[in-house]
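# Report on the structure
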Amino acid sequence: MTKERLIIFDTTLRDGEQSPGASMTKNEKVRIAKALEKMRVDVIEAGFAIASVGDFEAVRAVAEAVKESTVCSLARANVADIERAAEALRPAKTARIHTFIATSPIHMKYKLKMTPETVHEQAIKAVKLARQFTHDVEFSLEDASRSEFEFMCRIIESVIDAGANTINIPDTVGYGEPLEYGQMIGRLIQNIPNSDKAVFSVHCHNDLGLAVANSLSAVVNGARQVECTINGLGERAGNASLEEVVMAVKTRRDVFPVETGIDTTQIVPASRLVASVTGFPVQPNKAIVGANAFAHESGIHQDGVLKFRETYEIMRAEDVGWNTNKLVLGKHSGRAAVKARFEELGIEFANQDELNEAFTRFKALADKKHEIFDEDLQALVTDVQEAHIEDLYQLEFLEVTSKTDSTPKAKIALNVGGEIKQAEAEGSGPVDATYRAIEAIVSSDTNLQLYSVNAITSGTDSQGEVTVRLEKGGRIVNGLGADTDIVIASAKAYLNALNIILSKSVRAHPQVEGV
Ligand code: KIV
Ligand code: ZN
């Protein structure tokens, strides 16, 4: 039986980036977009072009780099947002403008301060304008799960007449419940006279842990696009996770009347890349991509799997890309092999100097660590591409002493805008001493919200990847640092976060009006 296609719309680079602290640079977004393209994601929402110059440039860079997937930008239902999105998407081979307005009584009254009639008119105008730039226009009714059914029917019928070809019904606040939400999608499709002229889409948040269940229930009731993110990243508790939606549809073919075009073997590599770039580690028991997702602890289970795999496994680890963590390179690998592996990972360098720098760092790492894995190369590229000369604080020197029965001490030298400054401090541990020494120079007035260390690969020679989350005046950023020495990785991560938080660029949030 041929099945209908379920369109996979990935919004890791837009809604995923709305997770506090998960902001990504242009280069990081391009790397993730290439991984999504390799996975054969149908639509990549690359960002919210009007949010900042950085967001605009990132959408544009993704539009330039991606050829196989449709590239999309978010835009509120107003002229400035739509024109900016169209401008950023200009280089795209296939471009989609995704425009939205809130339709729930609570959002219209308190956030938009608009009457339902004005919202209706603005939605139509926005879709008509977006259609002047591209034939592919998506319209979302923000907070749909708390909107009035009759009002949604009226707006949807009008925006389809105005040219929208995808209608997205978001559960913006994660309030939906699978049975009710799925039935609502089915009723909308049945009640709207021109519903056959558009694809119905869902976008579910995970506040009650129901995002995937709600999305799948909608699919059973006629939705043919699911919006989702790698690792379930996203605003607050996140969005429906791409890997769970895709693998549920694939594994339970008997239940779902659809199939996706996703190359599922790219799921684990993409998950690792997103975790490494954002500094949001994946919990070990996370479905599909968690380290324990295919590990059997109990003797009875192990015995069963050895006798016949399907006794306890419903999917094959290799089908979602486990075991693709190849040992790629080592100390004796030459420049051509390193360059070729970077290319296979979809990593491009802006110029020869950047490639040379990456190769020098590769050699230095290979001296300390014999086996270099793909994850090591990804972390190394993050370091090279994000080593901005305009960074105010750069690590010049660090010495830490840590002995039994004595207080750890750190001695540090930073290059602060060209001037070398030194400090010493004691702390409860080597990392604490290092951070106190940095603060003795910087006096940043930031609050440390999170410090976490993860081994990038297995083995005691693994690089430690440190994530530091800092807050200042309500702004939250993540800093990352990787090194085989975790104290140095910690210093790099702290300085990275400081450089970001003390830079001036501030992004607008798409769901706050009047930006
Ligand atoms: O959650 C939401 O409603 C959104 C829209 C902008 C689609 O992210
Ligand atoms: Zn959302």
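Residues numbered from 1 in each chain as written. Chains lettered and ligands numbered in written order. Predicted model: local features only at pLDDT ≥ 70, side-chain atom pairs only at ≥ 80, totals over all residues. Heavy atoms only, no water.

### Focus on the pattern of salt bridges
Where charged atoms from two side chains of opposite charge approach closely, those side chains can pair. The final tally for this structure, using the stated rule, is 27 salt bridges. Through salt bridges that share partners, Arg14, Asp15 and Glu45 make up one connected network. (Salt bridge = Lys/Arg side-chain N within 4 Å of Asp/Glu carboxyl O.)

### What about the site of ligand 1?
Every residue close to ligand 1 is listed here: Arg14, Asp15, His98, Phe100, Ser140, Glu142, Asn168, Pro170, Thr172, His203, His205 and Gln511. Here an oxygen atom of ligand 1 and a side-chain polar atom of threonine 172 are 2.6 Å apart. A distance of 3.1 Å is found between an oxygen atom of ligand 1 and a side-chain nitrogen or oxygen belonging to histidine 203. Considered on its own, ligand 1 offers 260 Å² of accessible surface; in the complex 100% of this is hidden by protein. Elements supplying a minimum of two residues to the shell around ligand 1: β5 (95-102), β6 (137-142) and β7 (166-171). In terms of residue class, the shell around ligand 1 is made up of 2 nonpolar, 7 polar and 3 charged. (Near = heavy atom within 4 Å. Polar contact = N/O pair within 3.5 Å; in protein donor to acceptor, adjacent residues only side chain to side chain. Areas by Shrake-Rupley, 256 points an atom, 1.4 Å probe, with all protein chains shown as cover. Helix = DSSP H or I, 4+ residues; strand = E, 2+ residues; numbered from the N terminus. Nonpolar A, V, L, I, M, F, W, Y, C, P; charged D, E, K, R; others polar.)

### Description of the packing of helix α2 (residues 53-65) against helix α3 (residues 79-89)
Here α2 crosses α3 at 40 degrees, and the two axes come no closer than 7 Å. By the angle class used here, α2 and α3 are oblique. Contacts between α2 and α3 involve Phe56, Val59, Arg60 and Ala63 on the former and, on the latter, Arg84, Glu87, Ala88 and Leu89. Its residues placed into classes, the contact of α2 with α3 shows 5 nonpolar, no polar and 3 charged. (Axes fitted to C-alpha atoms, helices over the stretch in contact; angles between N-to-C directions. Parallel < 35°, antiparallel > 145°, perpendicular 65-115°, else oblique. Contact = heavy atoms within 4.5 Å.)

### What about the domain arrangement of the protein?
For interface size, the figure often reported is the accessible area lost on association. Each assigned domain of the protein is listed here: domain 1 (4-278), domain 2 (294-324), domain 3 (335-385) and domain 4 (393-502). Computed over C-alpha atoms only, the centres of domain 3 and domain 4 are separated by 23 Å. Counting residues at the interface gives 9 residues for domain 3 and 10 residues for domain 4. Roughly 800 Å² is buried in total at the junction of domain 3 and domain 4, and carbon and sulfur atoms are behind 53% of that figure. Linking domain 3 with domain 4 are 1 salt bridge. A salt bridge links aspartate 483 to lysine 368, with the nearest nitrogen and oxygen atoms 3.5 Å apart. Connecting domain 3 to domain 4 are 2 residue pairs in polar contact (both at pLDDT 80 or more). Contributions of two or more residues to the side of domain 3 that touches domain 4 are made by α13 (352-368) and α14 (374-386). Per-element accounting of the side of domain 3 that touches domain 4 gives the leading share, 4 residues, to α14. Split into classes, the residues belonging to the side of domain 3 that touches domain 4 amount to 3 nonpolar, 1 polar and 5 charged. (Domains from an automatic or database assignment. Buried area = accessible area lost by both parts, 1.4 Å probe.)

### Description of the sheet that holds strand β9 (residues 225-228)
Read once around its circumference, the closed barrel built from 8 strands follows the order β2-β3-β4-β5-β6-β7-β8-β9, with strand pairing classed as parallel. Across the sheet, the mean angle from the axis of one strand to that of its neighbour is 25 degrees, orientation sign disregarded. Docked against the sheet, α2 engages β3 (43-48) and β4 (70-76), running at close to 155 degrees with respect to β3. Against the sheet, helix α5 (residues 116-131) engages β5 and β6, with an angle of about 170 degrees to β5. (Pairing = 2+ DSSP bridges.)

### Things to note about the environment of valine 384
One can find valine 384 in helix α14. Along the backbone, valine 384 and phenylalanine 359 are 25 residues apart, and their C-alpha atoms lie at a distance of 9.9 Å. With residues up to four places along the chain from it excluded, the contact list for valine 384 reads Glu354, Glu357, Ala358 and Arg361.

### Some words on the pairing of strand β15 (residues 419-426)
Two strands pair when backbone bridges link them, and strand β14 (residues 409-416) and β15 are joined in this way by 8 bridges, in the antiparallel orientation. When the bridges of β15 are listed, lysine 409 appears paired with glutamate 426. Hairpin connection from β14 to β15: 2 residues lie between these consecutive antiparallel strands, with glycine 417 at a positive phi of about 55 degrees.

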